[in-house]
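Coordinate inspection notes
Each chain, letter by letter, is given below.
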Amino acid sequence: MILPTCKEVSTAVARGDFAEANAFARLGALLHLAICQHCRKFKRQLAMIAFALRPRPDPAAVSALQKKLLQRLAP
């Protein structure tokens, strides 16, 4: 079994191609990630970027919702 290169794995990670890949390709990528600290770090960095770019709720809408909830909970 020949493992994929860092370029192949990093491209697949960046594109999110794992879902469409066959079992053999996924296994190869997972084995590569298990031994390559650089690709693991790249994958973590992409996950952090995706987390940072997630849409956040509007603070005014959250405040209005909190007020409504507090009014309903008040006796």
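My aim in this report is to walk through the structure given alongside it, one point at a time. The model shown is predicted, which means the values in this text are computed figures rather than measured ones. (Residues numbered from 1 in each chain as written. Predicted model: local features only at pLDDT ≥ 70, side-chain atom pairs only at ≥ 80, totals over all residues. Heavy atoms only, no water.)

1. Some thoughts on the overall build of the protein chain
Note the cut-off: Each helix corresponds to a stretch of at least 4 residues labelled H or I by DSSP, and each strand to a stretch of at least 2 residues labelled E; elements are numbered beginning at the N terminus. Put simply, the radius of gyration uses C-alpha atoms, and a globule should come to 2.2 Å times the residue count raised to 0.38. Here the open area of atoms and residues is found with the Shrake-Rupley method and a 1.4 Å probe, where only the protein chains shown may cover a residue. By the counting scheme adopted, Arg and Lys are positive, Glu and Asp are negative, and His together with the chain ends is not counted. Charge placement uses NZ in Lys and CZ in Arg. For Asp and Glu, CG and CD serve respectively.
Across its full length, the protein chain carries four helices and zero strands. Secondary structure elements of the protein chain occur, N-terminal to C-terminal, as α-α-α-α. The C-alpha radius of gyration of the protein chain comes to 21 Å, more than 25% above the 11 Å expected for a compact globule of 75 residues. Each principal axis of the C-alpha distribution contributes one length, and for the protein chain these read about 70 × 20 × 20 Å. Accessible area of the protein chain: about 6400 Å², with a carbon and sulfur share of 65%. Placing the 12 positive and 4 negative side-chain charges of the protein chain at their respective mean positions leaves the two points 11 Å apart.

2. Focus: the nonpolar core
So the rule is basically this: Buried Ala, Val, Leu, Ile, Met, Phe, Trp, Tyr and Cys residues form a nonpolar core when they are joined through side-chain atoms within 4.5 Å. Exposure is judged per residue with a 1.4 Å probe applied to protein chains only, and the accessible area is read against the type maximum: over 50% gives exposed, under 20% gives buried, and values in between give partly exposed. In what follows, residue pairs with any heavy atoms lying within 4.5 Å of each other are defined as contacts.
In this structure, V9, V13, L33, C36 and C39 together form the largest nonpolar core, which totals five residues. Aside from chain neighbours lying at most four places away, what touches V9 is P4, A29, H32, L33 and C39.

3. What about the packing of helix 1 (residues 6–15) against helix 3 (residues 37–52)?
Think of two packed helices as two axes; the pair is described by the angle between the axes and how far apart they sit. Keep this limit in mind: Axis lines are fitted to C-alpha atoms, over the contacting stretch for helices. Their N-to-C directions set the angle, which ranges from 0 to 180 degrees. Angles are sorted into four bins: roughly parallel if under 35 degrees, roughly antiparallel if over 145, roughly perpendicular if 65 to 115, and oblique for all others. Each crossing gets its handedness from the near helix: less than a right angle anticlockwise from the far helix is left-handed, clockwise is right-handed. Put simply, Ala, Val, Leu, Ile, Met, Phe, Trp, Tyr, Cys and Pro go in the nonpolar bin, Asp, Glu, Lys and Arg in the charged bin, and everything else, Gly too, in the polar bin.
Two elements in contact, helix 1 and helix 3, have axes separated by 10 Å at closest approach and are oriented at 15°. One element, helix 1, and the other, helix 3, form an angle in the roughly parallel class. Two packed elements cross with a definite hand, and for helix 1 against helix 3 that hand is right-handed. Together, C6, V9, S10, V13 and A14 of helix 1 and C39, F42, K43 and L46 of helix 3 make up the contact between the two elements. Tallied by class, the residues present in the contact of helix 1 with helix 3 amount to seven nonpolar, one polar and one charged.

4. Thoughts on the environment of R26
Topologically, R26 is positioned in helix 2 (residues 23–35). Taking the C-alpha atoms as reference points, R26 and V9, 17 residues apart in sequence, are found 9.7 Å from one another.

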